[in-house]
Amino acid sequence: MAAPMSAEIPAIEIRRLSKWFGAFKALDDLDLTVTRGERLVICGPSGSGKSTLIRTINALEGFDEGEVVVEGVRLTREPVVVEAVRRRVGMVFQQFNLFPHLTVLENCAQPLRLVRGLKPPEARERALHYLAKVRIPEQADKFAAQLSGGQQQRVAIARALAMEPSVMLFDEPTSALDPEMVKEVLDTLVQLAVEGMTMVVVTHEMGFARQVADRVMFMDAGRIVEQGPPEEFFANPREERTRAFLRQVLRMG
Amino acid sequence: MPEAAMIRTRAQASTSPFADNVDYPSLLGRPIVFLPALALLFEALRWWNFGSSAFGRGLIGLLHLSGLNPGADNVIVSAIAALFVGFNLAVVMRLRLRWQVYVVWLELAGLILVFFYSFNLSFEFIARKIGFLISQGLVMTLFISVVSIAIASALALLGAMAKLSSNGIALGVANFYTSLFRGVPLLMQIYLIYMGLPQLGYVVDAVPAGIAALSLCYGAYMTEIFRAGIESIPRGQWEAARALGMKPRSTLLRIILPQAMRVIIPPTGNQFIAMLKDSSLVSVVGVWELMYLARTEGQSEFRHVEMMITASLIYWLFSILLELIQGRIERYYGRAHVR
């Protein structure tokens, strides 16, 4: 059999993944494949393992059994391997985690210089490009504390995008935001989806899932309970647990 | 003034993070506190015979009191002093915050100087000796302090990194180091290095021995300050930098430490000021620093007090300088938090 073409290598491939926190099984024998350009939305109750799952993809979280392969690179604890994976994967956090001692521009430009080895003018130019992309270039010289939550999260997205990853992970990107700021961040995500970025988004924003997801996945107790295209997933969820969860979330939303 | 503007000026007048927009009457602004406080002050002055103190005697002379009835004089002088303090408070209370601070500083500094003045110092002697005290003593004190501060900071950073590492050997060494050098008196450390090391065949000069002892001792204290500062930074900062692909070293140096500096600077400033004065302990091994010279120069003419007070004021002056520098550095690292 011929070697697979690069297009056939999935963006993320997870096989039989298990992880324990002490006696608590956070991830339970989990399989997941994300193809290139796919937009996957993961939802589930708190403690279901969805955050843990996406954090294993860029090695912020270790795992005990199974394997994680990102764009053909099989994740180990070797520094070179982890660096190779993190070069391909960008991440956006619930709490933004902007660097408060740096300006917005420096938040994006400093990693470019330190990690990608860009020269200061190039780093600055690329940082400004991505800040413009999230429509926030005029705030470049402010500090994070001077921005609204929605603006901070957009800067965090620009910071991750500036590294030009091929996969983006979003860990509840709108959960820490005031309601009126959720939309500006979701708009940025939609724009990114339209451009064809491979995205794994942990969120309870079901409207967003309906609009852009290729697949919606429901997790509970460290397992994938149910998954499918959004039309199907929302119209007739098969599992009772999924239905109960959706009733909860949709009532809130 | 419109009310909104007034509220803003009041809030801006104070830099305290806890300043709010409710004006509680100041404690001393209430007669029910102010008057009893004055009465208490009067009673205390009378009780401790203010009339027979140097201040009191000066006042009695100024007022041409008879001096025949010490009891009555004491009451009169105590009452005048209490009223003067009360008047002074009432005036200062009405100043703006900034001026209040200046006036209080000036008055207290004046009191201290008057206290020193009451020792009947020979200013001629001080004037004769101060040049040498500064050109030799102060220069040596500053040299020892600055070098020790630099080495102590480097040791503290290393110690903190070792304490936070998952390397058992580094952790053990760092724990032992902080335990030993925080636990043994600094004076002992100076002796051990200056007189103990020669037993092993290493003769150390007095100045390097002093610098070594000060650096090791303060490095141990500052290790704990640095560790606490680094630990105060939320884990999310580390994760964000690592997820971007930054290496552990640059994450620590570029992301964690600059933020930790806000927490590290104030107690470190404390340490620097303490070290400036603890450098005087080096005088026990015969280093010609400020305190050593103050002691020896005064000896020849039995003018100890003159030299001690002069040296103390020089220490104080340089502590104030360090406080000002600390303030600047704090503002620099706090600039991201100004709203």
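The text that follows walks through the structure, step by step, so that each part is easy to find.

Calculation notes
- Residues numbered from 1 in each chain as written.
- Chains lettered and ligands numbered in written order.
- Predicted model: local features only at pLDDT ≥ 70, side-chain atom pairs only at ≥ 80, totals over all residues.
- Heavy atoms only, no water.
- Helix = DSSP H or I, 4+ residues; strand = E, 2+ residues; numbered from the N terminus.
- Rg over C-alpha atoms; globule rule 2.2 N^0.38 Å.
- Buried < 20%, exposed > 50% of the residue type's maximum accessible area, 1.4 Å probe, protein only.
- Contact = heavy atoms within 4.5 Å.
- Areas by Shrake-Rupley, 256 points an atom, 1.4 Å probe, with all protein chains shown as cover.
- Core = buried A, V, L, I, M, F, W, Y, C linked by side-chain atoms within 4.5 Å.
- Pairing = 2+ DSSP bridges.
- Patch = residues over 30% accessible without salt bridge, like charges linked within 9 Å, V, L, I, M, F, W, Y side chains within 5 Å.
- Salt bridge = Lys/Arg side-chain N within 4 Å of Asp/Glu carboxyl O.
- Axes fitted to C-alpha atoms, helices over the stretch in contact; angles between N-to-C directions.
- Parallel < 35°, antiparallel > 145°, perpendicular 65-115°, else oblique.
- Left-handed = near helix turned anticlockwise from the far one by under 90°.
- Nonpolar A, V, L, I, M, F, W, Y, C, P; charged D, E, K, R; others polar.
- 1 Å grid on protein atoms, 1.4 Å probe; cavity = no way out; pocket = protein on both sides within 12 Å on 5 of 7 lines; lining within 4 Å.
- Points joined across faces, edges and corners; volume = space filled by probe spheres on them.

Quick look at the overall build of chain B now. Looking only at helices and strands, chain B has 13 helices and 0 strands in total. Taking 339 residues into account, the globule formula puts the C-alpha radius of gyration at 20 Å, and chain B, at 27 Å, lies well above it. A burial count over chain B gives 35% of its 339 residues as buried. A fraction of 73% describes how many contacts in chain B between residues 6 or more apart in sequence connect residues 24 or more apart. Looking at chain B as shown, the accessible area adds up to about 20,500 Å², and 68% of this sits on carbon and sulfur atoms.

Bringing the nonpolar core into the picture now. Ile 14, Ile 42, Leu 53, Leu 131 and Phe 170 of chain A are the most contacted members of the largest nonpolar core, which totals 127 residues. Top element by residues in this core is helix H9 (residues 206-231) of chain B. It accounts for 11 residues. Apart from residues lying up to four places away in sequence, Leu 53 of chain A is in contact with Ile 14, Leu 17, Leu 27, Leu 30, Leu 32, Ile 42, Met 217 and Met 219 of chain A. Residues Phe 125, Ala 294, Met 307 and Ile 314 of chain B belong to the second largest nonpolar core, which totals 13 residues.

Residue and element names in this part refer to chain A. Residues Val 89 and Met 91 of strand E6 (residues 89-92) are buried on one face, and the alternating residues Gly 90 and Val 92, pointing to the opposite face, are buried as well. Looking at chain direction, E6 and strand E7 (residues 167-171) are connected through 4 bridges and run parallel. Its bridge partner lying in E7, Val 89 is registered against Val 167.

Moving on: a nonpolar patch on the surface. Residues and elements named next belong to chain B. A cluster of nonpolar residues, Leu 95, Leu 97, Trp 99, Val 101, Tyr 102, Trp 105, Ile 112 and Trp 316, forms a patch on the protein surface that exposes about 770 Å² of accessible area. The element best represented in the nonpolar patch is helix H5 (residues 97-117), accounting for 6 residues. Relative to the helices and strands, Val 101 resides in helix H5.

The subject of this paragraph is the environment of Pro 165 of chain A. Residues and elements named next belong to chain A. For Pro 165, the position within the fold is in the loop between helix H5 (149-162) and E7. Residue Pro 165 is classed as buried on the basis of its relative accessible area, which comes to 9%. For the pair Pro 165 and Val 85, spaced 80 residues apart in sequence, the C-alpha separation works out to 9.7 Å. Beyond its immediate chain neighbours, meaning those up to four positions away, Pro 165 contacts Arg 87, Arg 88, Val 89, Gly 90, Ala 160 and Met 197.

With that settled, the discussion passes to unusual backbone geometry. Residue and element names in this part refer to chain A. Positive phi, close to 55 degrees, is recorded for Arg 135, a residue that is not glycine. Relative to the helices and strands, Arg 135 is located in the loop between helix H4 (120-133) and H5. Even without glycine at this site, Ala 221 takes up a positive phi of about 50 degrees. Position of Ala 221 relative to the elements: it lies in the loop between strand E9 (215-220) and strand E10 (223-228).

On to the pairing of strand E1 (residues 12-21) of chain A, then. On a regular strand, one side chain projects to one face of the sheet and the next to the other, so that they alternate. Residues and elements named next belong to chain A. Note that E1 and strand E2 (residues 24-34) share 7 bridges and pair antiparallel. From the neighbouring strand, Phe 21 faces E2, where its bridge partner is Phe 24. Taken together, the 5 bridges between E1 and strand E4 (residues 65-70) define a ladder with antiparallel strand orientation. Within E4, the position partnered with Arg 15 by the bridge is Glu 67.

So, on to the packing of helix H6 (residues 123-164) of chain B against H9 of chain B. Residue and element names in this part refer to chain B. As a packed pair, H6 and H9 sit with axes 5 Å apart at the nearest point and diverge in direction by 40 degrees. Considering the angle they form, H6 stands oblique to H9. The handedness of the crossing between H6 and H9 comes out as right-handed. Tallied by class, the residues present in the contact of H6 with H9 amount to 19 nonpolar, 6 polar and 4 charged.

The full count for this structure, using the stated rule, is 4 cavities of 30 Å³ or more. Lining the largest cavity are Arg 86, Arg 87, Val 89, Gly 90, Met 91, Arg 116, Ala 160, Met 163 and Pro 165 of chain A together with Ala 243 and Leu 244 of chain B. Secondary-structure elements contributing two or more residues to the lining of the largest cavity are helix H2 (79-88) and E6 of chain A. A total of 3 residues in the lining of the largest cavity trace back to one element, the largest contributor, which is E6 of chain A. Grouping the constituent residues of the lining of the largest cavity by class yields 7 nonpolar, 1 polar and 3 charged.

Moving on to the interface of chain B and chain A. Listed per partner, the contact involves 20 residues of chain B and 24 residues of chain A. Applying the counting criterion to the chain B and chain A interface returns 2 salt bridges. For Glu 83 of chain A, the salt bridge goes to Lys 247 of chain B, with nearest N and O atoms at 3.8 Å. Considering every element that reaches the side of chain B that touches chain A, the biggest residue donor is helix H10 (residues 235-243) of chain B, with 7 residues. Looking at the side of chain B that touches chain A residue by residue, the classes come out as 9 nonpolar, 5 polar and 6 charged.

For the rest of this paragraph, the subject is the pattern of salt bridges. The final tally for this structure, using the stated rule, is 31 salt bridges over all chains. Glu 184 of chain A serves as the salt-bridge partner of Arg 154 of chain A, at 3.0 Å between the closest nitrogen and oxygen. Within this pair, whereas Arg 154 of chain A is found in helix H5, its partner Glu 184 of chain A is found in helix H6 (residues 179-194), the two being separated by 30 residues in sequence. Take Arg 154 of chain A: its relative accessible area is 9%, and that puts it in the buried class. Residue classification places Glu 184 of chain A among the partly exposed positions, given a relative accessible area of 22%. Between Arg 235 of chain B and Glu 239 of chain B there is a salt bridge, with its nearest N and O atoms 3.5 Å apart. Placement of the pair is Arg 235 of chain B and Glu 239 of chain B together in helix H10, with a separation of 4 residues, close to one helical turn. Salt bridges sharing common partners tie together Glu 13, Arg 15, Glu 67 and Arg 74 of chain A.

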